[in-house]
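Read off the chains here:
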Amino acid sequence: MADRVPGSSRQSLSPPGFEQRYNDCCWRHGVVPNKALLSAFFKAEAKKVGRQLCSLVVFLDDLKDADFLPLLDMFMEIGTSDIDAVDIFHYSSCDLNGEYVLLLLRAINQKLRVVNIRDASFGKEFLRDLSQRGLTCQVLNLRPSHFRKLNMVGKFIHLRSLNLDFSSSLTSLRKDCFTCMPNLNCLSLCETRIANLWTTSSALLKLPSLVELRFQKCLCCDDTGPCPGSTGGKSIDSVQMDSEIRVGAPSSFDEDYYHYLNSEEADLFDEVESGYEDTSDDSEVDFTNHPRETSMLGAYSDVIPQWNGLVDLQTEISFGTLAMQDEDGSSPKSSNSRHTTSTVPKKYIACHPSPICYEKHYREYMVASLPSLKVLDNLSIEKTDKERANGIFSQHFEYLPYRRKNKESVVSILHKREIRASCSNSQNWRRKPLYVSAKSQCFFSRSLSAAKVGSSAWPLLHPLSISGDESRSFRPRQFEYHPSDSSLMAFGTLDGEVVVINHENGKIVSYIPSLRGMNSVLGLCWLKKYPSKLIAGSDNGSLKLCDIKPISSRNKGTNSSAHSVTFDEFDQLTSVHVNSTDEWFLASGYSKNVALYDIGCGRRLQVFVDMHREHINVVKFANHSPSIFATSSFDQDVKMWDLRQKPIFPCYTAASSRGNVMVCFSPDDHYLLVSAVDNEVKQLLAADGRLHLDFNIVSTGSSQNYTRSYYMNGRDYVISGSCDENVVRVCCAQTGRRLRDLSLEGKGAEASMFVQSLRGDPFRDFNMSILAAYIRPSSNSEIVKVNLLASSDYAKEDSDGLHSRLSCSMGG
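Residues numbered from 1 in each chain as written. Predicted model: local features only at pLDDT ≥ 70, side-chain atom pairs only at ≥ 80, totals over all residues. Heavy atoms only, no water.

Novice: Help me understand the overall build of the chain, please; the structure alone is not making it clear to me.
Specialist: Of regular secondary structure, the chain possesses 11 helices and 45 strands. Residue burial in the chain is summarised as follows: out of 812 residues, 57% are buried. For the chain, the proportion of contacts with a sequence separation of at least 24, taken over those separated by at least 6, is 60%. For the chain, the exposed surface amounts to about 33,300 Å²; the carbon and sulfur share of it is 49%. (Helix = DSSP H or I, 4+ residues; strand = E, 2+ residues; numbered from the N terminus. Buried < 20%, exposed > 50% of the residue type's maximum accessible area, 1.4 Å probe, protein only. Contact = heavy atoms within 4.5 Å. Areas by Shrake-Rupley, 256 points an atom, 1.4 Å probe, with all protein chains shown as cover.)

Novice: Hey, could you run me through unusual backbone geometry in this one?
Specialist: Of all residues except glycine, most have a negative phi; of all peptide bonds, most are trans. Of note in this structure, Asn109 is not a glycine but carries a positive phi near 55°. Inspection of the secondary structure puts Asn109 in the loop between helix 4 (98-108) and strand 3 (112-117). On the accessibility criterion, Asn109 (37% relative accessible area) is partly exposed.

Novice: It is not clear to me how the packing of aromatic side chains should be interpreted in this structure. Could you clarify?
Specialist: The geometry of an aromatic ring pair comes down to the distance between the two centres and the angle between the two planes. Using the criterion set out here, one finds 24 aromatic pairs in the structure. Here Trp198 and Phe397 contribute two aromatic rings whose centre-to-centre distance is 5.9 Å and whose plane-to-plane angle is 65°, an arrangement assigned as edge-to-face. Linking Trp198 in helix 6 (residues 197-204) with Phe397 in the loop between helix 9 (383-396) and helix 10 (410-422), this pair joins segments that are 199 residues apart in sequence. Trp198 gets classed as buried once you look at its relative accessible area, which sits at 6%. Measuring from centroid to centroid gives 5.9 Å for Phe621 and Phe629, while their planes differ by 70°, and the two rings are edge-to-face. Just as Phe621 is buried, Phe629 falls in that class too. These aromatic residues form a ring-pair network of at least three members: Trp198, Tyr365, Phe393 and Phe397. The side chain of Arg759 reaches across the aromatic face of Phe479, ending 5.6 Å from its centre. (Phe/Tyr/Trp six-rings, centres within 6.5 Å; stacked < 30°, edge-to-face > 60°. Lys NZ or Arg CZ within 6 Å of the ring centre and 35° of its normal.)

Novice: Mind showing me how you'd approach the sheet that holds strand 1 (residues 55-59) here?
Specialist: Within a sheet, adjacent strands bond to each other through the backbone by hydrogen bonds, running parallel or antiparallel. As summarised here, the arrangement of the 9 strands in space is 1-2-3-4-6-8-9-14-15, forming an open sheet in which the pairing is mixed. Two strands bound the open sheet, and with one partner strand each, they are strand 1 and strand 15 (379-380). Bridge analysis of strand 3 against strand 4 (residues 139-142) gives 4 bridges, and the strand direction is parallel. Residue Val115 lies in a different strand from strand 4, and its bridge partner there is Leu140. (Pairing = 2+ DSSP bridges.)

Novice: Hey, could you run me through the state of the cysteines in this one?
Specialist: Cysteine pairs can be covalently joined through their sulfur atoms, and such a bond is termed a disulfide. Applying the stated criterion across every chain yields a total of 0 disulfides. Left unpaired, Cys190 is separated from the closest cysteine sulfur, that of Cys351, by 7.4 Å. (Disulfide = S-S within 2.5 Å.)

Novice: What exactly am I supposed to notice about the environment of Asp610 here?
Specialist: Take Asp610: it is sitting in the loop between strand 30 (603-608) and strand 31 (616-621). As for Asp610 and Val594, which are separated by 16 residues in sequence, their C-alpha atoms are 8.5 Å apart. If near-sequence neighbours (up to four positions away) are discounted, Asp610 is found in contact with Lys592 and Asn593.

Novice: Is there a simple way to think about the side chain of Ser172 in this case?
Specialist: Here Ser172 lies in strand 7 (residues 172-173). Each residue touching Ser172, except ones within four places of it in the same chain, is listed here: Arg148, Lys149, Leu150, Ile194 and Glu745.

Novice: Explain the nonpolar core here, please?
Specialist: If you look at soluble globular proteins, the nonpolar side chains tend to sit buried side by side. Membership of the largest hydrophobic core comes to 81 residues, with the highest contact counts inside it found for Leu140, Phe178 and Leu204. Per element, the largest residue contribution to this core is 6 residues, and it comes from helix 4. When near neighbours in sequence (up to four residues on either side) are disregarded, Leu204 contacts Leu173, Phe178, Leu187, Leu210, Leu213, Phe215, Met366 and Leu370. Within the second largest apolar cluster, 50 residues are counted, among which are Val638, Met662, Leu672 and Leu693. (Core = buried A, V, L, I, M, F, W, Y, C linked by side-chain atoms within 4.5 Å.)

Novice: Is there a simple way to explain the side chain of Glu398 in this structure?
Specialist: Relative to the elements of secondary structure, Glu398 occurs in the loop between helix 9 and helix 10. Buried within the structure, Glu398 lacks any salt-bridge partner; Arg403 is the closest side chain of opposite charge, at an N-O distance of 4.9 Å. Among the polar contacts made by the side chain of Glu398, one reaches the side chain of Tyr717 at a distance of 2.7 Å. Beyond its immediate sequence surroundings of up to four residues, Glu398 is in contact with Arg403, Tyr717, Cys732, Thr735, Arg737, Arg738 and Leu739. (Lys, Arg positive; Asp, Glu negative; His and termini not counted. Salt bridge = Lys/Arg side-chain N within 4 Å of Asp/Glu carboxyl O. Polar contact = N/O pair within 3.5 Å; in protein donor to acceptor, adjacent residues only side chain to side chain.)

Novice: Sorry if this is basic, but what is going on with the packing of helix 6 against helix 8 (residues 362-369) here?
Specialist: For any two helices packed against each other, the geometry comes down to the angle between their axes and how far apart the axes lie. Running from N to C, helix 6 and helix 8 cross one another at 30°; their axes reach a closest spacing of 10 Å. The pairing of helix 6 with helix 8 is recorded here as roughly parallel in orientation. Relative to helix 8, helix 6 is oriented so that their crossing is right-handed. Judged by residue contacts, Leu197, Trp198, Thr200, Ser201 and Leu204 of helix 6 engage Tyr362, Tyr365, Met366 and Ser369 from helix 8. Here the residues of the contact of helix 6 with helix 8 are counted per class, giving 6 nonpolar, 3 polar and no charged. (Axes fitted to C-alpha atoms, helices over the stretch in contact; angles between N-to-C directions. Parallel < 35°, antiparallel > 145°, perpendicular 65-115°, else oblique. Left-handed = near helix turned anticlockwise from the far one by under 90°. Nonpolar A, V, L, I, M, F, W, Y, C, P; charged D, E, K, R; others polar.)

Novice: Please explain the sheet that holds strand 21 (residues 498-502) as it appears in this structure.
Specialist: The sheet built from 4 strands is open, its strands ordered 19-20-21-22 with antiparallel pairing. The two strands at the open ends of the sheet, each matched to only one other strand, are strand 19 (476-481) and strand 22 (507-512). Within this sheet the neighbouring strands show an average axis-to-axis angle of 25°, counted without direction. Strand direction decides the pairing type here: strand 21 and strand 22, joined by 5 bridges, are antiparallel. Counted as the bridge partner of Val500 is Ser510 from strand 22.

Novice: Can you help me understand helix 4 in this one?
Specialist: For an α-helix, 3.6 residues make a turn, and residues three or four places apart therefore share a direction. For helix 4, every residue scored as buried is listed here: Gly98, Val101, Leu102, Leu104, Leu105, Ala107 and Ile108. On its buried face, helix 4 sits against helix 3 (68-77), strand 2 (85-89), strand 3 and helix 5 (123-133). Between the side-chain oxygen of the N-cap and the backbone nitrogen of Glu99 there are 2.8 Å, and the N-cap of helix 4 in question is Asn97. Positive backbone phi, at 55°, marks Asn109, one or two positions downstream of helix 4.

Structure (structure tokens):
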């Protein structure tokens, strides 16, 4: 038999078909032609002969690495021919070289139309290259993906539809992750771990063409359009693509992959998580020694179990139990459902929700924040929906701090302030006259704050790090800002140490090692009239008055306390607090008693017994009245006391529906801020205990979700966080409206964090610090500083988002 001559068919009058070209490419590379590819080329040729849309469908599941070289040659040859579109599908895990797949996608180039890939099979380098360089396709399905923080910065000019459903690692969207997708119409993010309303909506605003969005889907819907059962099945004309391809829906050209559509998604979740008891002043007892009950939820189900059929038209419904999982695959426990309500049409049954769907007023927030949106979660958005959403948004959320309605530039505000200060008469500046209305300096400072906070939904978060020659790693357990020196902060450690640090430059100012068996430092309180002194109490009952002196150059790293006074122990201590005149301090703990100490003489004056029916977690003096104090207990009561009346009977008692974790006075003593288990946060009138404001933060259903709240910006705002969640909520203290949620991201893909304690910076507006702990026992806590007036910088982070901005030398 004569040897075959490649390309000999080109001697004929008509050019060789796709099959012949492919056979020639295989012959040159010494590869046996792939039968699935031969079939695909045959079908494409048939469409071409029949004057139909000539589309080629390639299933990566049918390929081996050896098939790629001839296939790459084939696409290089037909790149300028009359083939109209190439669609790439991949449904099952297969052992393919991700670099070959990338080369194939690049070789197809402008002919690429649909890419449906399980990127989990190809590794992180594949995802990084795809994100940074982009693709020319119109439809991109990555189900599931390895994204943790979405950062697709490459060129996606032609992309119309993006599907990232079931990406269980995806927790957040970066600021500019969508700026390279000007034509994206449809986006689906079902069953991801995205939860933050503010950062999510801000990122989505960078999509000028977005009209269809999903974070959960209707049970009967595969694509992002309106549910056929409620709208007659008509999709939005503006997002129809030329080839009639929709996210998740097959079209006429790809009949061969119908059998893939019903394949089950891989089980993405485990159900294991361990936690730690958390009930002390601002946090729990030493979490290395006191495990709390295992906390977990079941994995997501295809259909919300509470729904047994179709819901009635215009009925208030529950969106079921949230199964938000941590990055290690575990789930926080929830004995009750986390609820939100919305009006939905008939035949709508939601499934595969992301955590953001369980945020209170989620739908209204998204509709009000994204005015161009036409379909959300397979539900059409009508004019009445937008009007209702805008009303609910203005009722429950602050668009900008201090109720500012419109965003202003910092330059404009500074200009107005300077003109007002230098001119006695109002003058025109640009178009609007400046009216001299005797507005105080506070007005301009608040306007500046509103402008800065409104400039970015991604505030600056950075760890409190230690600089200099200190080589040891501290394990912070409690911290307090200094009352008069804006640069100082004290923190106590799990090892019984007390460290005073300049939190602006990271340098240690003073250090006191653990003395006489001090264990975890749970109570810290600075004296006001004696700025070098503070009270420190540990969980074993030790109480000391520490007189802190700066570290000398020759004694750096050693005991720098010139003097300390030891008081009588208070067993199982959780809280200490000094009164406004520095005469006395109180101690409470895992008992029903409170002890009163005299600071001047260094002795315990009295123990007030049985002040509550269960243990008293926190005791706080008023900021201005030296004899007034409040106690919060797990008996669900908060009580106000007066030392002048011999605290046998309280001034009044205020009840919560759950055990109380925290209580504190507002800086002017007008209010009491009370935090009970599982996000029950209320503000009471300090005078008589009447309810002033209920912040209505959604609960998780966990009896171990210990919540703490403090004031920020004087008494203007409240910050609140809980030990089962990685979120800090910022709310207006006068209206209860939510201004912002801050999400903590741990180091590495398997590190989940929770809020152990937090404090508002008393000297800087919209600044705070958070004591954030890892779920993993081997990791130490970190003190994270937050500046809402500054934007975070993502430039140095890797595109896969695996490096957190919360890395900290102090946290190990």
